[in-house]
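Spelled out, the chains give:
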Amino acid sequence: MKFKGTVTVWLKEGIFDPQGAAVKGSLEAMGFKEVEKVRIGKNIVISLDAENALEAKDLLEQMARKLLANPVTEAYRVHVEEEKAGAER
Amino acid sequence: MKFGVVVFPGSNCDSDAYHVIKDVIGVDCEYVWHETRDLSDFQALVLPGGFSYGDYLRCGALARFSPVMDSVYRFVDEGKLVIGICNGFQILLEAGLLPGAMLSNNVLEFRCQWVNLRVENTKTPFTCLYEPGEVIRVPIAHHEGNYYAEPEVLEELERTGRVVLRYVDASGNPTAEANPNGAAHNIAGIINEKGNVFGLMPHPERCSESILGSRDGRRVFLSMIKSLETGALLS
Amino acid sequence: MAEISQTAPWREMGLKDSEYELIKERLGREPNYTELGMFAVLWSEHCAYKHSKPLLKTLPTKGPAVLVGPGENAGVVDIGDNLACAFKIESHNHPSAVEPYQGAATGIGGIVRDILAMGARPVLLLDSLRFGPPEDPKTKFLFGGVVSGIAGYGNCLGIPTVGGEVFFAKPYAGNPLVNVLCGGIMKHEDLHKGGAYGVGNVVMVVGHSTGRDGIHGCTFASDVLDDDSESKRINVQVGDPFMEKLLIEACLEMMACGAVVGIQDMGAAGLTSSCAETAARAGTGLVIDIGKVPMREEGMNAYEVMLSESQERMLLIVSADKVDEVKRIGAKWGLHAAEIGRVTDSGNLEVLHNGVLEASIPVSLLAMGAPEYTPEAREPEYLRKTREFSGESVRAPEFSEMKGILLKLLASPNIASKEPVFRQYDYMVRTDTVEGPGRGAAVLRIKGTKKGLVFTTDCNGRLVYLNPKAGAAWAVTEAALNVAVTGAKPLAITNCLNFGSPENPEVYWQLKEAVQGMAEACKALETPVTGGNVSLYNESDGEAIYPTPIVGMLGLCEDIEKRITPGFKNAGDLVAVLGKVWGDARSLSGSEYLEVAHGMVAGDPREPALDLARGIIEVLTECAREGVLSSAQDLSEGGLLVALAESCIHGEEGARGCAMSPKALGCGGREDIRADAMLFGETNTAVVVSFAASNEEQVAHICRQNNVPFAVIGRVQESALAVDTCGGLRVLEVPTDEIAHAYSHGLEDSLRG
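**Overview of the overall build of chain B**
Turning to step 1, where the next piece is worked out: Each helix and strand in chain B was counted, giving five helices and 11 strands.
Turning to step 2, where the next piece is worked out: By the compact-globule yardstick of 18 Å for 235 residues, chain B fits well, its C-alpha radius of gyration being 16 Å.
Turning to step 3, where the next piece is worked out: Expressed along its principal axes, the backbone C-alpha trace of chain B runs to roughly 45 × 40 × 35 Å.
Turning to step 4, where the next piece is worked out: When each of the 235 residues of chain B is scored for burial, the buried share is 59%.
Turning to step 5, where the next piece is worked out: Sequence-distant contacts in chain B: of pairs separated by 6 or more residues, those separated by 24 or more amount to 76%.

Here it is, written out as structure tokens:
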């Protein structure tokens, strides 16, 4: 089965995120006084073949641990959904 | 004695390191393609600066999976010397050969400039020709040189003298203003527990000839040569 | 086919009706849609120089050191020791206006591939940038994006960005200029050219796969910027510097193994221009099958493949027996190296798509058949007003105001230190940078020799605006003096002519005059033009930019250990002016002082004294050989006092000051002399030097021999800049720390403001 996995990687809590701080500053300057915190991360979207969603998630977790995130500084979250045939180019 | 300079796709300070070792100092040196697995010819390896794999995903994250890295682990186990400069340091961190990780410079910009460094530990094979506490002038050029490690790790590094180089001002004080990238404890270079793997963000190969404004970096390579000649640290 | 004539798609592609008729007539039939697209890109101003070619022919292009002149991917100049330097400057203005990061980044990528295509290893970059006023929020956006784009791409390649300039002025607000110069070094025998020679040789595409990006980029470059331009972002390509780095290494290896007969960058107009130009140069034809081109998107048709401007691709003409070798090297570096066709003797570019003929056009018609235009030229209306300027309209400041004016000038973003820019560039990688950015011309050693390459870019658009002929001659002269103050000999130039729409008679007049001024200066200073680029239609909201003919100059330093630098070295050294400082009202024309202190852009700048400039260059090179100078600095924006201030700021510890009086310049008793013009006036053909008192006679002698006026105006002192009148009155005295502070914080403060 085809799955679409999204691995979201961002700096761990407690590690200063200067990009996030800069964006927060700009948002506030633009008048978005409601902003409390901004953290910047990245989404890595992976299409893959797996027996079932559980296996897909397990594979993605392995990828995240071994390569996609650096455990010293980064946290990650894995999200899996079934890929609808022909939905995307 | 032979040095190897590892060439990853995207390395760009490989020829600079080679030039200093081979042409300036006059020690045998060879490029080592990242697919090479046999490192038996070499006593010392340089992981050079640059943008291995474009620094895509994270600096050094993809290079650490190059075929040569399996052999680098063995090379380290055998007690041979490995120095990682700039991107090479980032690769050593990603490979787990040194502790910690790199964050983006706190100024959010690439920084190419001269910095002052204090040599904190001269009992290493990479710094044995410096005076303890000596302040040297060396260039940096990086976007991700903001060294980070857990507090326990930092404490351990400090306690065991493994912080080898620190960013300081001209009079040798590790001030916030002298820190170009936000690195924890003003750390510019660290060494592993065994003492044969050295990672540093500044570029000693860029200041090993007087025509380039400073020769302060040359003694890093000379120290390595001396240590290899005397075999002092290969215990 | 009938439908093409009815819907007239050529208009949207940027071709005029008359040009379409010409294509039809010369082709003997109606072109199909793909062919029309190919004509549209190659006949665009960007590729065909339709409005500038007749003018460009008047520039001197030959010289004893010129190995390759205009017409190839880059000029090549002999630098002795069997070495040659390939160099060229190119614009990426319009892409940078809509997407500054990628626009600037891909600009670097393109010029680097041009140098690579000559067989040289690219070893240095310079950027010449123009923006609107720094306090304008749009400028901040563009400036930030362009600088980080240059850094992001250039740093990754490991090619040091060693110099350039940044200039801010209102006319660039809607249309910034991003001109990038690349230089490379090679052995003579490694010289390659972009010719598809040898019938039967194989056409290969090396590098990135081809996508739909950047289709019609060069017709976009040949259009004026308007509100729609924002939506043209789709035209801007995305750069991949990692791929470019691999491409450089792979192509150098492919050339080194003797496989490559011809090589060309696939930049503007992609496959179409590289195929047509290589075949046209060799007088051959090509047949290619675009079904064999590695593609990154599905379902691309012939039109899209031929016009794609996907980055990081090179076209190679390879000996038939070496194709496997090229493929092996491509694989080693992880690149596509695909065989897509053959060289033929048909004289046509034949494009097949999986065997079906999609286009067939004579390469000479495509590459060289575009019409040339000589538009109407008319002296601009505004000049009548700017020439009315006279000294009377400018209040002469009190002596007590002079210090404030000096500090304001040093902090002006056009004069202030550009360190906030260049510290983002890796200017030291390759360990050849001996004099980096921020101190005039860049000096790079050539390993294995005593020599140094010297590079600079120059152009003051404000002077060109006020007097195009004089201003363009100044761009050449200033570049030459910039090179010469290092002790090097100016060898040759590359130029990038940035102007508004040539269809506006006033703009065309500016272009015509500027080219004439440039030609005269290049002839006089014996620095031929080896290539470059023309960027027209630099307008936004109907307003043209300052005419900006940027000059990139190459000089050669015979002995790098004997190079001269701008900073003072020893307290007690004598300070002298070599050349002519006018000191009269006319020298205020177009000066930074006039704009910063009086808010005026006016006057009629003098032309440079070319004979004198030549003499000064001779003097400097001889002084360098003899080792008699401690420092040298040319006079440009901010005039004499700013030049002295810079020599103080860059001075060695204990020699960061200067006490001077202009008495020796012959100002005493002359009524046309003004203090402000003496200190801050521009368009002086002059340099300031310092030397040990014991060398005075020798320096004076060398000047006399070359008919260069020589005047000792003061002495180097420890830590302050002091100016007295001819009569001995103190005009100002400032601690060097204070002027250094203004100079180093000026740019950041203006951008913040």
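So, next bit.
**Details of the overall build of chain C**
Turning to step 1, where the next piece is worked out: When you go through chain C residue by residue, the secondary structure sums to 27 helices and 28 strands.
Turning to step 2, where the next piece is worked out: Counting over 753 residues, chain C shows a buried share of 64%.
Turning to step 3, where the next piece is worked out: Sequence separation of at least 24 residues holds for 85% of the intrachain contacts in chain C that already meet a minimum separation of 6.

**Focus: unusual backbone geometry**
Note on backbone geometry: most residues besides glycine have negative phi, and most peptide bonds are trans.
Residues and elements named next belong to chain C.
Turning to step 1, where the next piece is worked out: At Arg430, a position not held by glycine, the phi torsion is positive, near 85 degrees.
Turning to step 2, where the next piece is worked out: Tracing the chain through its elements places Arg430 in the loop between helix H18 (419–422) and strand S14 (433–435).
Turning to step 3, where the next piece is worked out: A residue is classified by how many C-beta atoms lie within 10 Å of it, and Arg430, with 23 of them, is buried.
Turning to step 4, where the next piece is worked out: Of note in this structure, Tyr537 is not a glycine but carries a positive phi near 65 degrees.
Turning to step 5, where the next piece is worked out: The topology assignment puts Tyr537 in the loop between strand S18 (529–535) and strand S19 (539–540).
Turning to step 6, where the next piece is worked out: Overall, the presence of 24 C-beta atoms within 10 Å leaves Tyr537 in the buried class.

**Observations regarding the arrangement of the chains**
Turning to step 1, where the next piece is worked out: Across the two pairs of chains in contact, the largest number of contacts is found between chains B and C.
Turning to step 2, where the next piece is worked out: These two, chain A and chain C, are apart from each other, with no contact and a minimum C-alpha gap of 9 Å.

**Things to note about the packing of helix H4 (residues 33–42) of chain C against helix H12 (residues 270–282) of chain C**
All names here are of chain C.
Turning to step 1, where the next piece is worked out: Following both chains from N to C, one finds H4 and H12 inclined at 75 degrees, their axes separated by 10 Å at the closest point. Classed by the angle they form, the pair H4 and H12 counts as roughly perpendicular. Residues Met38, Val41 and Leu42 of H4 lie in contact with H12, whose contacting residues are Thr272, Ser273 and Ala276.
Turning to step 2, where the next piece is worked out: The class makeup of the residues in the contact of H4 with H12 is four nonpolar, two polar and no charged.

**A few points about helix H1 (residues 18–29) of chain A**
Turning to step 1, where the next piece is worked out: Here H1 of chain A spans 16 Å end to end across 12 residues, near enough to the 16 Å set by a 1.5 Å rise per residue.
Turning to step 2, where the next piece is worked out: After H1 of chain A finishes, the residue Gly31 of chain A shows a positive phi value of roughly 105 degrees.

**As for the domain arrangement of chain C**
Turning to step 1, where the next piece is worked out: In terms of domain boundaries, chain C breaks down into domain 1 (32–49 + 192–370), domain 2 (62–188 + 446–562) and domain 3 (379–409 + 564–753).
Turning to step 2, where the next piece is worked out: Computed over C-alpha atoms only, the centres of domain 1 of chain C and domain 3 of chain C are separated by 50 Å.

**A few points about the sheet that holds strand S28 (residues 730–735) of chain C**
Within a beta sheet, neighbouring strands are joined by backbone hydrogen bonds and run either parallel or antiparallel to one another.
All names here are of chain C.
Turning to step 1, where the next piece is worked out: Across the sheet, which stays open at both edges, the seven strands sit in the order S23-S25-S22-S26-S24-S27-S28 with mixed pairing between neighbours. In this open sheet, the two strands that pair with only one neighbour each are strand S23 (631–634) and S28. Strand-to-strand, the axes of this sheet are offset by a mean angle of 20 degrees, without reference to chain direction.
Turning to step 2, where the next piece is worked out: Pairing of strand S22 (residues 574–580) with strand S26 (residues 710–717), which is carried by five bridges, proceeds in the antiparallel orientation. By the bridge assignment, Val577 is partnered in S26 with Ala711.
Turning to step 3, where the next piece is worked out: Taken strand by strand, helix H23 (residues 610–626) contacts S22, S23 and strand S25 (685–691), and its axis lies near 145 degrees from that of S22.
Turning to step 4, where the next piece is worked out: Relative to S28, helix H27 (residues 736–752) is tilted by about 75 degrees, and along the sheet it contacts strand S24 (657–660), strand S27 (720–724) and S28.

**Description of the interface of chain B and chain C**
Often, the extent of an interface is quoted as the loss of accessible area upon association of its parts.
Turning to step 1, where the next piece is worked out: Opposite the 22 residues of chain B that make contact, chain C presents 22 residues.
Turning to step 2, where the next piece is worked out: Elements supplying a minimum of two residues to the side of chain B that touches chain C: helix H1 (14–25), strand S6 (111–119) and strand S7 (135–142) of chain B.
Turning to step 3, where the next piece is worked out: Looking at side-chain class alone, the side of chain B that touches chain C contains 11 nonpolar, six polar and five charged residues.

**Some remarks on the interface of chain A and chain B**
Turning to step 1, where the next piece is worked out: Residue-level contacts link eight residues of chain A with 10 residues of chain B.
Turning to step 2, where the next piece is worked out: Top contributing element to the side of chain A that touches chain B by residue count: H1 of chain A, with three residues.
Turning to step 3, where the next piece is worked out: Counted by class, the side of chain A that touches chain B contains five nonpolar, three polar and no charged residues.

**Let's talk about the environment of Leu409 of chain C**
Residues and elements named next belong to chain C.
Turning to step 1, where the next piece is worked out: Mapped onto the elements of the fold, Leu409 is located in helix H17 (residues 399–411).
Turning to step 2, where the next piece is worked out: For Leu409, a count of 29 C-beta atoms within 10 Å translates into the label buried.
Turning to step 3, where the next piece is worked out: For the pair Leu409 and Tyr743, spaced 334 residues apart in sequence, the C-alpha to C-alpha distance is 8.5 Å.
Turning to step 4, where the next piece is worked out: With near-sequence residues (within four places) excluded, Leu409 lies in contact with Ile415, Glu592, Tyr593, Val596, Gly638, Val642 and Phe680.

**Quick notes on the nonpolar core**
Turning to step 1, where the next piece is worked out: In terms of nonpolar packing, the biggest core is built from 340 residues, with Leu42, Leu316, Leu410, Val476 and Ile616 of chain C touching the most fellow members.
Turning to step 2, where the next piece is worked out: Those residues within four positions of Leu42 of chain C in sequence are excluded, and the remaining contacts are Cys47, Ala48, Ala269, Thr272, Ser273, Ala276, Leu366 and Ala367 of chain C.
Turning to step 3, where the next piece is worked out: Phe3, Leu60, Ala69 and Val80 of chain A belong to the second-largest nonpolar core, a separate cluster that totals 10 residues.

**Quick word on the sheet that holds strand S3 (residues 74–82) of chain A**
Residues and elements named next belong to chain A.
Turning to step 1, where the next piece is worked out: The antiparallel open sheet is built from three strands, whose spatial order is S2-S1-S3. Sheet topology places strand S2 (41–49) and S3 at the edges, where each strand pairs with a single neighbour. Going across the sheet, the axis of each strand differs from the next one's by a mean of 20 degrees, ignoring polarity.
Turning to step 2, where the next piece is worked out: Pairing of strand S1 (residues 2–11) with S3 involves nine bridges; the strand directions are antiparallel.

**Describing the confidence of the model for chain C**
Turning to step 1, where the next piece is worked out: Per-residue confidence for chain C averages 94 on the pLDDT scale, and 97% of its residues sit at or above 70.
Turning to step 2, where the next piece is worked out: This complex was scored by the predictor with a pTM of 0.95 and an ipTM of 0.96.

**Some remarks on the pairing of S6 of chain B**
Residue and element names in this part refer to chain B.
Turning to step 1, where the next piece is worked out: Alignment of S6 against S7, held across eight bridges, turns out to be antiparallel. Residue pairing for S7: Asn116 is matched across the bridge by Arg137.
Turning to step 2, where the next piece is worked out: Two strands pair when backbone bridges link them, and S6 and strand S9 (residues 163–168) are joined in this way by four bridges, in the antiparallel orientation. What sits directly across from Asn116, in S9, is Val168.

**Let's talk about the pairing of strand S4 (residues 121–131) of chain C**
All names here are of chain C.
Turning to step 1, where the next piece is worked out: For S4, a buried count of 10 out of 11 residues is recorded, marking the element as mostly surrounded by other parts of the structure.
Turning to step 2, where the next piece is worked out: Bridge count between S4 and strand S6 (residues 177–187): nine bridges; the pairing is antiparallel. Of the residues in S6, the one forming a bridge with Arg130 is Leu177.
Turning to step 3, where the next piece is worked out: Where S4 lies against strand S5 (residues 161–168), seven bridges are found, and the strand directions are parallel. Across the sheet, residue Leu129 finds its bridge partner in S5, namely Val166.
Turning to step 4, where the next piece is worked out: The parallel pair S4 and S5 is bridged by helix H9 (residues 137–157), and the resulting crossover is right-handed.

**Quick look at the environment of His94 of chain C**
Residue and element names in this part refer to chain C.
Turning to step 1, where the next piece is worked out: One can find His94 in helix H7 (residues 93–98).
Turning to step 2, where the next piece is worked out: According to the C-beta neighbour criterion, His94 is buried, with 27 such atoms within 10 Å.
Turning to step 3, where the next piece is worked out: It is 7.9 Å that separates the C-alpha atoms of His94 and Pro176, two residues lying 82 residues apart in sequence.

Rules used throughout
- Residues numbered from 1 in each chain as written.
- Chains lettered and ligands numbered in written order.
- Predicted model: local features only at pLDDT ≥ 70, side-chain atom pairs only at ≥ 80, totals over all residues.
- Helix = DSSP H or I, 4+ residues; strand = E, 2+ residues; numbered from the N terminus.
- Rg over C-alpha atoms; globule rule 2.2 N^0.38 Å.
- Buried ≥ 20, exposed ≤ 12 C-beta atoms within 10 Å, placed from the backbone.
- Contact = placed C-beta atoms within 7 Å.
- Axes fitted to C-alpha atoms, helices over the stretch in contact; angles between N-to-C directions.
- Parallel < 35°, antiparallel > 145°, perpendicular 65-115°, else oblique.
- Nonpolar A, V, L, I, M, F, W, Y, C, P; charged D, E, K, R; others polar.
- Expected span 1.5 Å × (residues − 1).
- Domains from an automatic or database assignment.
- Pairing = 2+ DSSP bridges.
- Core = buried A, V, L, I, M, F, W, Y, C linked by C-beta atoms within 7 Å.
- pLDDT = per-residue confidence, 0-100.
- Right-handed = clockwise from strand over helix to strand, strands pointing away.

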